[in-house]
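Descriptive analysis of the structure
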Amino acid sequence: MKHCPEYKKRFKTLFLSLLLICFTIFPLLFSYAQTAQELQNKIRDRNNEIDKLEKDIKIYQGELNELGEQKNSLAGSLKQLELTRKKLNADISITQKKIERTNLKLETLSEDIGDKQNSISNNIEAISIGIKNINEFEQRNMVEIILSEEDFTAAWNDIDNLITVREEVMENTQLLEKDKTSLEGIKKETIAVKDELVTLKGKLSDQKKIVDQNTKEKTTLLLQTKNSEVAYQKLLAEQVALKNSLEQEISNYESQLRFILDPSTMPTGRLLAWP
């Protein structure tokens, strides 16, 4: 009977330990107060959500790949357009210099033609004067010439000289007319070349305007593509983060489900050990 108080004491200790175990386990059980079916349903739902997220992630990744290709293509097109623009600027500059050179040539031709025309006019005037002098000389009475104090031979020599000069002037005038005609032909051809150059410059300028417009449009499109790429990258990151979060939830639910199906899987410590 002496052992009775000791027995009661041990029984009391055991009772308190069991009570402590109940208070320790029951809140834990209540905190995971779901049946195995509820946990399985949650796991299934999360898996369905993950499947949907994976489809969305695949779509977003595809969009990103497509945007990346489009961005590279646009960047290549912009580089090609820039090279084309530089070449057009060079062509326009060269054409403008050719136009300026042609204008100088036209000015020189105009001056040469003017000089030829002045020489022709002077020669015509000289020829007219020579003809007038010869006519006046020939109209004089031969008797007057003979009876005059002038030497008859000298008089005829004067006539011959006038005729020779007139013929030389006429020949020179014909050459001048020929040169003038040739210069006018060259001037006409030069004007045609200038017109072609002006037309070419206009076409090059129009092409440059088109290139500039295409460059502007593609630059805008490239900026939009980059913005879309950033937006899809953000969406993709959000979906991946959400998928990881759901996978973590599933892992937690599976741990709870294993505990419900097999309570022995719950870790034990000194708190639950027999005193």
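Before reading further, recall that the structure is shown in the block above.
The next subject is the side chain of Lys243. The topology assignment puts Lys243 in helix 4 (residues 152-261). Once residues within four sequence positions are removed from consideration, Lys243 is found in contact with Ile50, Leu53, Glu54 and Ile57.

The next subject is a negative patch on the surface. Where like charges cluster on the molecular surface, the negative patch consists of Glu107, Glu111, Asp112 and Asp115. Considering the arrangement of structural elements, one finds Asp115 in helix 2 (residues 36-139).

Let us now look at the packing of aromatic side chains. Summed over the entire model, instances satisfying the criterion amount to one aromatic pair. Ring geometry for Tyr60 and Tyr232: centres 5.9 Å apart, planes at 55°, overall tilted. Within this pair, whereas Tyr60 is found in helix 2, its partner Tyr232 is found in helix 4, the two being separated by 172 residues in sequence. Overall, the relative accessible area of 18% leaves Tyr60 in the buried class.

Residue position: Val198 is located in helix 4. Judged by its relative accessible area of 42%, Val198 falls in the partly exposed class. As for Val198 and Lys98, which are separated by 100 residues in sequence, their C-alpha atoms are 9.6 Å apart.

Cut-offs used in this document
Residues numbered from 1 in each chain as written. Predicted model: local features only at pLDDT ≥ 70, side-chain atom pairs only at ≥ 80, totals over all residues. Heavy atoms only, no water. Helix = DSSP H or I, 4+ residues; strand = E, 2+ residues; numbered from the N terminus. Contact = heavy atoms within 4.5 Å. Patch = residues over 30% accessible without salt bridge, like charges linked within 9 Å, V, L, I, M, F, W, Y side chains within 5 Å. Areas by Shrake-Rupley, 256 points an atom, 1.4 Å probe, with all protein chains shown as cover. Salt bridge = Lys/Arg side-chain N within 4 Å of Asp/Glu carboxyl O. Lys, Arg positive; Asp, Glu negative; His and termini not counted. Charge placed at Lys NZ, Arg CZ, Asp CG, Glu CD. Phe/Tyr/Trp six-rings, centres within 6.5 Å; stacked < 30°, edge-to-face > 60°. Buried < 20%, exposed > 50% of the residue type's maximum accessible area, 1.4 Å probe, protein only.

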